[in-house]
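Spelled out, the chains give:
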Amino acid sequence: MANELKISWIWPLFALGVAAGVAWLGDGSSSWPARFGLAAVGVLTAGGPAWACWRRSLAQQQSVRRWLQQFHRLETRDFQDAASEPSPPAGNWSKPWHGAMDDLLRLRAQLSEQLAEAEHARAALELRARRASEQAERALGILRSLPEPVIAVDAYDALLLANASAEQLFAIEPSNGRRAITDFVRSEPLLASLNEVRRHQAPMSRTQELELDAPDGTRRWFSVTTNAMVSDGAADGRGAVAVLRDISARKANQRQNAEFVSAASHEMKTPLAGIKAYVELLADGDAEDEETREEFLDVINGQADRLQRLIDNLLNIARIEAGVVKVSKQSQPLNEILSEAHRVVQPAAEAKQIRLVHDLSPLYLGVLVDRDMMLQAAINLLSNAVKYTPPGGQVTLRSRLLDGEVSFEVQDTGVGLSPEDCQRVFDKFYRVDKDKQMAQGTGLGLPLAKYIVEDVHNGRLSVESRLGEGSTFQIRLPGAGQLG
């Protein structure tokens, strides 16, 4: 406003100065005041419109400048709200400013349009970023819930990620700081595998089997797959990720199968060696008389029977384990099955001068079983008791109804078992070292009985024993109804 007041005095002073100059230079025909008045009127009349036009242009210029200053102070969000924008100055614009004002209005429209597009693009990017973040959170949640341990390292062997299973396996404490993988992983083969795939130029994946120490002190086998991992912005190297799958059960099965094959081969070699030896004696003519030949043939026949029993037991166990054995369960009286088993084993007991006693319940003990298979289990238990009971001892076969279940047990006065032997007596081919000379056997009779009772009939087979006092093998089966 002060500038406008100063400018408003310029033109009158200028006009009076011009009028004074004209009056001074006049021809002298009239007085100086008269000449000055006429000159002043002429100058003011001739220059007034120009002065008014100049004043109008100056006012419009200042108005535009103020509007541009207000427009310049606007924030981005104000362009989205028309009410927040300053209105352009109204009025009839002079020609010099008319085009400039049109250009400014077009510029404002273009800016608003471009800002609207930018806002739309920003909203779209925010939506994609939010979706990507949600997907990353879900992926991380899935990764952390995996039962297989997963660890990842960067190009400098720093731990990037470890899911819950890996934290438990390697005893990794949660932390936000940078930690080296060597602070937790002590397995040199695993570290070497991570380094190899991380430093290899071409994409690489490696799988190997490693035995690692578990936090509980045990050693477990893992199948470890390591892959290179390219991180965003990592131009000087690559990271690596390792996925560990626990194969301890598979390794244990492999070891058991190897032991099974070794034991089966060993058990088969013994009767085969006997058969071969006596056949060679017969072929060489060492049996000169009929009695000797009969003796050799009896040995051969006994070894062949032993081999046949071994093969039969192996086949029975294999069929039960594979689930291909045909099972025909029917409601049966347990005492009849036990009485038949008693009759089968009685001759062997008498040959060793062992008293075979049966103490069967007077109740009807109904069981839902495959008769032949349960009979085989009872015979195996009775035969085992007779084998390891010294002459003059006693084996008792007993049946009872206990807590809604049907039970029968075989109790002997034999050599007994140690606590360690009680834990392993049902393992295939296991035989107590101190008793191997007491009786021949394959180490499959008790495992077969356990398979029949527990795997086929959902029962329980247990043993209680003391060294030098004897053993008691008990079978408990679900009852199938009891009648007095």
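Here the structure is a predicted model, which means the values were calculated and not measured.

About the thresholds
- Residues numbered from 1 in each chain as written.
- Predicted model: local features only at pLDDT ≥ 70, side-chain atom pairs only at ≥ 80, totals over all residues.
- Heavy atoms only, no water.
- Pairing = 2+ DSSP bridges.
- Helix = DSSP H or I, 4+ residues; strand = E, 2+ residues; numbered from the N terminus.
- Axes fitted to C-alpha atoms, helices over the stretch in contact; angles between N-to-C directions.
- Core = buried A, V, L, I, M, F, W, Y, C linked by side-chain atoms within 4.5 Å.
- Buried < 20%, exposed > 50% of the residue type's maximum accessible area, 1.4 Å probe, protein only.
- Contact = heavy atoms within 4.5 Å.
- Polar contact = N/O pair within 3.5 Å; in protein donor to acceptor, adjacent residues only side chain to side chain.
- Expected span 1.5 Å × (residues − 1).
- pLDDT = per-residue confidence, 0-100.

Spatial ordering of the open sheet is given by β2-β1-β5-β4-β3, a layout of five strands whose pairing is antiparallel. Each edge of the sheet is formed by a strand with only one pairing partner; in this case those strands are β2 (159–162) and β3 (205–213). On average, adjacent strands in this sheet sit at an angle of 20 degrees to one another, irrespective of strand direction. Bridge count between strand β4 (residues 219–229) and strand β5 (residues 239–246): eight bridges; the pairing is antiparallel. The residue of β5 that forms the bridge with T225 is V243.

Let us look at the nonpolar core. Judged by nonpolar contacts, the single largest core of 50 residues is most densely connected at L381, L382, V395 and F408. The residues contacting V395, other than those within four sequence positions of it, are I354, R355, L356, V357, L382, A385, V386, T389, V410, Q411 and D412. Membership of the second largest hydrophobic core comes to 22 residues, among which are L210, V224, A242 and L244.

With that settled, the discussion passes to the side chain of N380. Here N380 shows up in helix α10 (residues 371–387). N380 gets classed as buried once you look at its relative accessible area, which sits at 11%. Reaching out from N380, the side chain makes a polar contact with the side chain of Q376 at a distance of 2.7 Å. When near neighbours in sequence (up to four residues on either side) are disregarded, N380 contacts G445, L448 and A449.

This next bit is on α10. The first and last C-alpha atoms of α10 sit 24 Å apart over 17 residues, in line with the 24 Å expected at 1.5 Å per residue. In terms of residue burial, α10 counts as a mostly covered element, since 12 of its 17 residues are buried. All of the buried residues in α10 are M373, M374, L375, A377, A378, I379, N380, L381, L382, N384, A385 and V386. You can read the cap of α10 off the contacts: a side-chain oxygen lies 3.2 Å from the backbone nitrogen of D372, and it is on D370.

The next subject is the confidence of the model for the chain. For residues with low pLDDT, the predicted coordinates do not support detailed interpretation. A residue-level look at the chain finds 70% of positions with pLDDT of 70 or above and a mean pLDDT of 77. Highest mean pLDDT in the chain belongs to strand β10 (residues 405–412) (92); lowest belongs to helix α1 (residues 2–8) (51).

What follows concerns helix α12 (residues 445–456). Taking 1.5 Å per residue as the helical rise, α12 with its 12 residues ought to reach 16 Å, and the 16 Å between its terminal C-alpha atoms agrees with that figure. Taken together, the buried positions of α12 are L446, P447, L448, A449, Y451, I452, V453 and V456. Phi turns positive one or two residues past the end of α12, at N458, with a value near 55 degrees.

Pairing of strand β7 (residues 355–359) with strand β9 (residues 394–402) involves five bridges; the strand directions are parallel. Each residue of the ladder has a partner; that of D359, found in β9, is R398. Taken together, the eight bridges between β9 and β10 define a ladder with antiparallel strand orientation. Across the sheet, the residue bridging to L402 is E405, located in β10. In this structure, the hairpin formed by β9 and β10 is closed by a connection of two residues, where D403 is found at a positive phi of approximately 50 degrees.

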